[in-house]
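Observations on the three-dimensional arrangement
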Amino acid sequence: MHILTAENLNKTFYQNVALHDLNLAIPKQSIYGLLGPNGAGKSTFIRIVNQIIDADSGLITINGEKLSPKHIGTIGYLPEERGLYKKMKVGEQLLYLAQLKGLSKSDAKKRIKEWLERFEAGDWLGKKVEDLSKGMQQKVQFISTVMHEPELIILDEPFSGFDPINANLIKDEILKLREKGSTIIFSTHRMESVEELCDHIALINKSEKIIEGEKSAIKDEYKSHIFKLAYKGNQLADNGGYQLLSSEQDLNGIHHAKLKLNEGASSSELLRAVLGHDVEIISFHEEIPSISDIFIKLVKDNHLEVEASAQ
Amino acid sequence: MSKIGLVIRREFESRVKKKSFLLVTILVPLIFPAVIGIMVYFAMEEEKSAEQKQVYVVDESGFDFENDRKYAFDKMNMSLDEAKVMFSESDAYALLYVPKMDIENPDGLTLYMKNNPSLDVSSFFENIVESQIRDRKLKASGITEEQLDKLKTNISLRAINMTDSGEEKESSAGIAFGLAYAFSFLVYLFVLIYGSQIMQGVIEEKSNKIVEIVVSSIKPFQLMIGKVIGVAAVGIVQFAIWVVLIGVLSSVVFSVFNLTPEDIQAAQNTMPSSPNQELVSSSMNPEMLQTMQAVYDIPYGYYISIFIFFFISGYLLYGALFAAVGSAVDNISDAQQFTLPVTMPMIIGFLGTFMFVMREPDGNVSFWLSIIPFTSPVAMMARVAFGVPTWELILSMALMIAGFVFTIWLAGRIYRIGILMHGTKVSYKTLFKWIKTSN
C-alpha cells in the first residue's frame, strides 16, 4: 500500500522544465529518501504535494485518493526555507499553525504542551521566538511540523539548518513517529546524511527520476562485486573465480588486495579459492557502493547515453 | 473558524498588541487637541495683549482715531522729529505720522516701528485712514452724517442648492470645502498608512521565511486576503479610537480654556482686514446663522455611507497592490522601485483634488478624476461634498468595484509566485511573466 503516488507529473517554469513525467510510489510507513542535486526538481515536487503550486499535468494520490485540500492536515511539511514569526510567542505561534492545519483549539493546546514538555521546553510558551536561541527555534519549528500527527511528514533538507544535537534528537523523534505509523520523506542533496536512515530511495536528476526502490535492492543491483582482502602470505593471482584488481603490501608485510568476483560466482567460492592459496586472512569484506556512488555512476551512464544518442 | 478568519485574527492581534500601536493610538489624539489648544491659547493671549499696544499718532490732518481692542492711540501734539525721539525712548508699539494731506491726492502716510510691520498691520492703518478720507470725500460732496451711516451695510450671500426634486437646501461653499478636504484627506491618509503596513507585513513573512509553512496550509490568495482584511480592521479600530479620543479631548480642552464657539470665532477675527468688522456681534451674525443651518442640513447619512464605500474600496484597491509589491521583493529597500508607481495615482488624485475638484467640482478634469478607479476614492469624496449627479456617482462606484476586483486578482497572481521567490532581483518583466503564468 502506498501513501503517496505520483503519475506522469510535469511542471515547467517559463521554458525551464522542473519535472518531466515523474512517477513515484511511496510505501506506507517507509522512510523515503528523495535524493538528487540542487535544482533536480525535488522542491518543486514537494511544493506540488503540499498544494502550494499546481502541476501542469499528472496525478497525485494520497492513500489512493486524488490529492485535494482536505489532505492538508494529513501532511506535515518542513520546507527548506523555514522560519517563524519572530514577534509572536511560541504558544500563540504553534496554536496558529496547528489551527491552520485544521486542529481544534483545545486539541492544539494539549499537543503543544505535550510536545514542549517532551523537548523539556514547557516554559517556552510565553516567550517570543526572537528571544529563543537558534537551537530552541529549531525545536519549535519541528514541533510545528509534526504536532498535528500527520500521516505523511515531508522534510526538505532537514539537517542543513539544525545543529548536530538537534539533528540527532529529531532523528530519534522521526523514528518514533514512524513506529506510530507515519511515513517520512527526506528530501536532500546531501545523500550521505540520510543514507543510513532511509529504507526506500528515489534518485532524481535534471527533472527526471533515474531510479527508485528499496535501498537494499538498489544497493544489491549496483554492487560492484569487489571484495577487499587483507592477508599475510604469498601474493595472490587471478583465478577462475575472481580477478585481482590491485594488491599492495604495507610495511608490516600485509597485502591489501581488491578482488572482483567473476560472473556467477559467490563470495564463499571466492573465499574458498583464496584459502587454497595458503594465506592468513586478516580481514575480508565486500565493497558496498554508497548511494552517492550509485548516483554518480547512474548520472555518468545517463550522460553518456544522451551524448551517444545526440551523435 | 475558517482559515481566512484565523489569518485575519492573527494579523489583527499581532498588530494591536504591539507597544507602538498603543503609543500611536494614544499620542495622535493627544497631539491634535494639544496643537489646537495651544494655537487658540496663543491667539487669545495675543488678543489680550493687543489692548496694551500703544500707537503714537502725529496727525496734521485732524483725523479721528478710536481706540479698539488692539490699539490705543495716543495723539502727540509735537513735531514728527520730537515724536520720533519720544517713540524710540518709549515702549510704544508704533508711531503713525499723518501729514497734512490733500484728500484728493493723499500722500506721505508713514508708520514707524521698531521692527518690520506685517502686511496685516500696515493694511490695518491704511484702512483706517482710507475710510476716513472716504468719509470726508462723501461729506464734501454733500452727504450728511445720517446718510453716511445708512451707507454702511453688511451683506452676506445666501447660496441655495436646488436639488432635482425642486427642494431647496441651504448650502455653504465653506462647509463643502471643509468636508471635501476632510473626506479626501482621510481616504488618502488611510490608504497610504495601512497600505504600506500590508506591504511590510508581507515582506516580514517572506524574509522570516515562515510564508512557505503557512501556504502549505492555506492558499496564498487566502493568506493575502486575510492580511488585507486584518490590517484594515486594525486601521478602522485605530481610526475609531482617534475619532472618539479627539472628540473627548477637544471638548476637554475647550472647557479648560472656557471656550465657546463664539470665542473661537472671535479668536479667528483677531486679524480683521477692516476695522468695522469687529463691531459686528459675531453670535448674531446672519452669516453664522446660515452656516449653522447649512451644517444641520448636511445629509450626514448619505455622506458617511459614500465615505465608507470609497474608504474601503480604495483601501482594497491599493492594499492589494501593496501586498503584491511586498511579495515581489526581499526587503523594504528593494520595494521602492515598485511603491512609487503604486502610490503615484493616489498622489495624482490627491493633488488633482486640490487643484481641480476644490476649484471647479463639475469641471472636466474633476469628472475624470472622480470616475477613474485609481483617483476616484479621493476625488469623488471631494466632489460629493459639492453635490454630484447620481449617475456619475453610480458609475464611479461601479468602476471602483471593478477596479479593486481587478487589482486583487492581479495582486493574487503576483503574490502566489512572489512569496516563494528568494534572492531573485525582480523586474517589471518578471512581474508580467508571473501574471501570465497559469499556476
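Just so we're clear, the structure is a prediction, and the values are computed from it rather than from any experiment. (Residues numbered from 1 in each chain as written. Chains lettered and ligands numbered in written order. Predicted model: local features only at pLDDT ≥ 70, side-chain atom pairs only at ≥ 80, totals over all residues. Heavy atoms only, no water.)

**Quick word on the overall build of chain B**
Heads up, the rule is: By definition, any uninterrupted DSSP run of H or I lasting at least four residues is a helix, any uninterrupted run of E lasting at least two residues is a strand, and each is numbered from the N terminus. Burial status follows relative accessibility: with a 1.4 Å probe on protein chains alone, a residue under 20% of its type maximum counts as buried, one over 50% as exposed, and anything between as partly exposed. A contact between two residues is defined here by any heavy atoms of the two lying within 4.5 Å. Areas reported as accessible are Shrake-Rupley estimates using a 1.4 Å probe. Residue values count occlusion only from the protein chains shown.
Counting its secondary structure elements, chain B contains 16 helices and six strands. Within the span of chain B, comprising 439 residues, buried residues form 42% of the whole. Residue pairs at least 24 apart in sequence account for 69% of intrachain contacts in chain B once pairs closer than 6 positions are excluded. Accessible area for chain B stands at about 23,400 Å²; split by element, carbon and sulfur atoms hold 63% of it.

**Topic: the packing of aromatic side chains**
Applicable threshold: Ring pairs shown here join Phe, Tyr and Trp side chains whose ring centres sit within 6.5 Å, with only the six-membered ring taken for Trp; geometry is labelled stacked below 30 degrees between planes, edge-to-face above 60, and tilted in between. Ring-over charges, as used throughout, are those where CZ of Arg or NZ of Lys falls within 6 Å of the ring centre and within 35 degrees of the ring normal.
A full pass over the atoms with the stated rule returns 31 aromatic pairs over all chains. Ring geometry for Phe124(B) versus Phe125(B): centroids 5.4 Å apart, planes at 80°, classification edge-to-face. Comparing Phe124(B) with Phe125(B) shows no difference in burial state: the two are buried. Centre to centre, the rings of Phe367(B) and Trp368(B) are 5.1 Å apart; their planes meet at 80°, and the pair counts as edge-to-face. An aromatic cluster is present here, built from Phe183(B), Phe190(B), Tyr194(B), Phe239(B), Trp242(B), Tyr302(B), Tyr303(B), Phe307(B), Phe311(B) and Tyr315(B) joined pairwise through their rings. Above the ring of Tyr85(A), the side-chain terminus of Arg10(B) is found at 3.6 Å from the ring centroid. The ring centre of Tyr96(A) lies 5.6 Å from the NZ or CZ of Arg10(B), which sits over that ring.

**Here we look at the nonpolar core**
Keep this limit in mind: For the purposes of this section, nonpolar cores are sets of buried Ala, Val, Leu, Ile, Met, Phe, Trp, Tyr and Cys residues that join through side-chain atoms within 4.5 Å.
One finds Leu4(A), Leu34(A), Phe45(A), Tyr96(A), Phe186(A), Val214(B) and Tyr315(B) to be the most contacted residues of the largest nonpolar core, which totals 155 residues. Considering each element in turn, this core owes the most residues, 16 residues, to helix 11 (residues 300-328) of chain B. Those residues in contact with Val214(B), other than ones at most four positions away along the chain, are Tyr85(A), Tyr96(A), Leu97(A), Leu100(A) and Leu223(B). In terms of nonpolar packing, the next biggest core, distinct from the first, is built from 17 residues, Tyr71(B), Val98(B), Val121(B) and Ile133(B) among them.

**Observations regarding the interface of chain B and chain A**
So the rule is basically this: When two parts are brought into contact, each loses some accessible area as probed by a 1.4 Å sphere; the total of that loss over both is the buried area. Any Lys or Arg side-chain nitrogen located within 4 Å of an Asp or Glu carboxyl oxygen qualifies as a salt bridge.
Facing the 26 residues of chain B at the interface are 28 residues of chain A. Summed over both sides, the interface of chain B with chain A buries roughly 2,800 Å², with 54% coming from carbon and sulfur. Where chain B packs against chain A, one counts three salt bridges. Between Glu92(A) and Lys17(B) there is a salt bridge; the shortest N-O distance is 3.1 Å. If you list the elements that add at least two residues to the side of chain B that touches chain A, you get helix 1 (3-16), helix 6 (173-208), helix 7 (211-215) and helix 16 (428-436) of chain B. If you tally residues by element for the side of chain B that touches chain A, the top one is helix 1 of chain B, at five residues.

**Quick word on the side chain of Asp156(A)**
All names here are of chain A. This is how it is decided: Charged-residue counts in this description rest on Lys and Arg as positive and Asp and Glu as negative, His and the chain ends being excluded.
Position of Asp156 among the secondary structure elements: in strand 7 (residues 152-156). This buried residue, Asp156, is left without a salt bridge; Lys42 holds the nearest opposite charge, at 6.2 Å. Setting aside residues up to four positions removed in sequence, Asp156 forms contacts with Ser43, Ile46, Tyr77, Leu78, Pro79, Glu80, Arg82 and Ser187.

**Digging into helix 4 (residues 134-146) of chain A**
We apply this condition: Given the number of residues in a helix, its expected span is that number minus one, multiplied by 1.5 Å.
With 13 residues, helix 4 of chain A ought to run about 18 Å at 1.5 Å a step, and its terminal C-alpha atoms sit 19 Å apart, in line with that. Listed in full, the buried residues belonging to helix 4 of chain A are Gly135(A), Gln138(A), Lys139(A), Val140(A), Gln141(A), Phe142(A), Ile143(A), Ser144(A), Thr145(A) and Val146(A). Where the residues of helix 4 of chain A are buried, they touch strand 6 (75-78), helix 2 (90-100), helix 3 (105-118), strand 7 and helix 5 (164-179) of chain A together with helix 7 of chain B.

**Observations concerning the sheet that holds strand 3 (residues 31-35) of chain A**
All names here are of chain A. Heads up, the rule is: For two strands to count as paired, DSSP must find a minimum of two bridges between them. Lines fitted to C-alpha atoms define the axes here, with helix axes fitted over just the stretch in contact, and angles between the N-to-C directions of these axes take values from 0 to 180 degrees.
With mixed pairing, six strands are arranged side by side in an open sheet as 6-7-8-3-9-10. Every interior strand has two partners, whereas the edge strands, strand 6 and strand 10 (208-214), have only one. Sheet twist, expressed as the mean angle between neighbouring strand axes with direction ignored, is 15°. Judged from the five bridges that link them, strand 7 and strand 8 (residues 183-188) form a sheet pairing that is parallel. Bridge pairing links Ile154 to Ile185 in strand 8. Relative to strand 6, helix 4 is tilted by about 155°, and along the sheet it contacts strand 6 and strand 7.

**Some details on the sheet that holds strand 1 (residues 53-59) of chain B**
All names here are of chain B. Pairing is mixed in the open sheet, where four strands are placed in the order 2-1-3-4. In this open sheet, the two strands that pair with only one neighbour each are strand 2 (71-75) and strand 4 (110-113). Adjacent strand axes in the sheet meet at a mean angle of 25° when their direction is disregarded. Of the pairings in the sheet, the one linking strand 3 (residues 94-98) to strand 4 comprises four bridges and is antiparallel in character. Bridge pairing in strand 4 places Ala94 opposite Met113. Against the sheet, helix 3 (residues 80-89) contacts strand 1, strand 3 and strand 4, and its axis sits at roughly 170° relative to strand 3.

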